[in-house]
Amino acid sequence: MARSNKAARNHTSYWASIGHRLSGLALAAFIPVHFYVLSLAANDTGALDGFLALADQPLFKIGEWGLVVLLVIHMSFGIRVLILEFLPWRHGKDGRTNLVWVGCIAALIIGVYFLVRAV
Amino acid sequence: MSTLKVKIWRGEEDGEFQSFEVPARENQTILDVVTEVQRQQEPGLSYRFACRVGVCGSCAMTVNGKPRWTCRTHINAVAKDGEITIEPLRNMPVIKDLTCDMTDFFQKWQKAGGTFKGTVTRKDKVVTIPPSSPKRQKADAGIECINCAVCYAACDTVNWDSEYLGPAALNRAWTLVNDERVGNQKEVLDKAIGDNGCSSCHSQGNCTASCPVGLSPSQSIHGLKRMSLLSFLGTEV
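Computed from a prediction, not measured in an experiment: that's the story for all the values here.

K.L.:
Give me the overall build of chain A: which residues, what numbers.
P.N.:
Helices and strands together make up the secondary structure of chain A, namely four helices and zero strands. Mapped in sequence order, the helices and strands of chain A form the string α-α-α-α. The principal-axis extent of the C-alpha atoms belonging to chain A is close to 60 × 40 × 25 Å. Put simply, chain A has 119 residues, and 18% of those count as buried. For chain A, the share of sequence-separated contacts (at least 6 apart) that also reach a separation of at least 24 residues comes to 74%.

In structure tokens:
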């Protein structure tokens, strides 16, 4: 049996850093696709119209909802890191973990708003 | 008397767990259990300890997957169904059993500028530093470190990047750059914000969540990051 190589990871700051990292990677993977579709506007408007029609399908709306949620999570968790780095801490354990929950709730509200608008 | 089942890492990096059973006592720390195994069952078991009261920082081990100071960790706080797994701290080479080679850990304190270099000699008058001074209070928040390496073992960034100075060394640097008696604060800051310094921190906060004496290396590292920006902008540190 190998050593566990575990760390003390099960705390809010850790999960916030994982959320920030994974949402960033997912958004980075999306950006090339985003620029490719934008390039169709300049190079092939017929293909763009075809893609936009496809993008009106429900499955794409769910994908767009995912993107909106990822953007809110990445932005709010990133703002938390900036606050940690640039504002004084109120005490030693002040990891501003409440901001993690604020970010999650903001992502939920904005995600629901997006879905309601899309339906 | 009921018993505790204890699995202890034996060997070096390549090794295996060895199982023991020890009497479950009402007041028993992890260090007590390791000592009982070594004294009563396996004299060849290697581990470190000195003070047994949470001051020297030498007895840290990984207990049920988390780095802890074993002399102040009560069995009842960590035993799951009467079972305990004890391993050496991670992020450091294993010498034997529960004993790690802490050479890199302590050398990184030096690399982060951790040596105190004062501005006066013993022949000068003692400089008065008001405890209420904001810089003194920042330094005071980090000075009780016992060098146990629990934060270093808990840090994923150290695990990914063996050159990263780590939370304990950077916490030490933070106390020095806020210590008004230190004469080389710029030099310490340059080391702490240089290669493998505070900028490598991923803000996971494992160090602060694990520190047995309640310090916040994470706060110190973020303070260094803030100072590095101010230094870059030309603001006097």
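Further notes follow.
K.L.:
How would you sum up the interface of chain B and chain A? Please name residues and give values.
P.N.:
A common measure of how large an interface is: the accessible area buried when the components associate. Taken residue by residue, the interface counts 26 residues in chain B and 20 residues in chain A. For the side of chain B that touches chain A, the secondary structure elements donating two or more residues are β2 (15-23), β4 (66-69), α9 (206-210) and α10 (217-232) of chain B. For the side of chain B that touches chain A, the element with the most residues is α10 of chain B, which contributes five residues. Among the residues making up the side of chain B that touches chain A, the classes are represented as seven nonpolar, twelve polar and seven charged.

K.L.:
Residues and numbers for the confidence of the model for chain B, please.
P.N.:
Confidence along chain B averages 94 in pLDDT terms, with 99% of residues attaining 70 or more. Scoring the predicted complex yields pTM 0.90 and, for the interface, ipTM 0.80.

K.L.:
An account of the nonpolar core is requested, with residue identities and associated values reported.
P.N.:
The biggest cluster of nonpolar side chains holds 61 residues, and the ones touching the most others in it are Ile86, Ala149, Val150, Leu170, Ala173, Ala192 and Leu224 of chain B. Of all the elements, helix α7 (residues 167-177) of chain B adds the most residues to this core, at seven residues. Domain assignment of the residues forming this core places at least three in each of domain 1 (3-100) and domain 2 (103-232) of chain B. Among residues more than four places away in sequence, those in contact with Leu224 of chain B are Leu170, Ala173, Trp174, Ala192, Ile193 and Cys198 of chain B. Counting residues in each nonpolar core, the second largest holds eight residues, with Val69, Val72, Ile73 and Phe77 of chain A among its members.

K.L.:
Run through the packing of helix α3 (residues 58-86) of chain A against α10 of chain B, naming residues and quoting values.
P.N.:
In the contact formed by α3 of chain A and α10 of chain B, the axes pass within 7 Å of each other and the chain directions differ by 80 degrees. Judged on the interaxial angle alone, α10 of chain B and α3 of chain A are roughly perpendicular. Between α3 of chain A and α10 of chain B, the contacting residues are Leu84, Glu85 and Phe86 of chain A on the first element and His222, Lys225 and Arg226 of chain B on the second. For the contact of α3 of chain A with α10 of chain B, the residue count by class is two nonpolar, one polar and three charged.

K.L.:
If you had to explain unusual backbone geometry to someone new, which residues and values would you point to?
P.N.:
All names here are of chain B. Despite not being glycine, Asp81 shows a phi value in the positive range, around 55 degrees. Following the sequence through the fold, Asp81 ends up in the loop between α2 (75-78) and β5 (83-87). The phi dihedral of Asn91 is positive, around 70 degrees, even though this residue is not glycine. In this structure, Asn91 sits in the loop between β5 and β6 (94-96).

K.L.:
Residue-level account of the packing of helix α8 (residues 185-193) of chain B against α10 of chain B, with values.
P.N.:
All names here are of chain B. The interhelical angle for the contact between α8 and α10, taken along N-to-C directions, is 110 degrees, at an axis separation of 10 Å. Between α8 and α10, the crossing angle belongs to the class labelled roughly perpendicular. Here α8 and α10 pass one another in a crossing that is left-handed. Within the contact between the two elements, α8 uses Leu189, Ala192 and Ile193 and α10 uses Leu224, Met227, Ser228 and Ser231. Tallied by class, the residues present in the contact of α8 with α10 amount to five nonpolar, two polar and no charged.

Parameters and conventions
- Residues numbered from 1 in each chain as written.
- Chains lettered and ligands numbered in written order.
- Predicted model: local features only at pLDDT ≥ 70, side-chain atom pairs only at ≥ 80, totals over all residues.
- Helix = DSSP H or I, 4+ residues; strand = E, 2+ residues; numbered from the N terminus.
- Buried ≥ 20, exposed ≤ 12 C-beta atoms within 10 Å, placed from the backbone.
- Contact = placed C-beta atoms within 7 Å.
- Nonpolar A, V, L, I, M, F, W, Y, C, P; charged D, E, K, R; others polar.
- pLDDT = per-residue confidence, 0-100.
- Core = buried A, V, L, I, M, F, W, Y, C linked by C-beta atoms within 7 Å.
- Domains from an automatic or database assignment.
- Axes fitted to C-alpha atoms, helices over the stretch in contact; angles between N-to-C directions.
- Parallel < 35°, antiparallel > 145°, perpendicular 65-115°, else oblique.
- Left-handed = near helix turned anticlockwise from the far one by under 90°.

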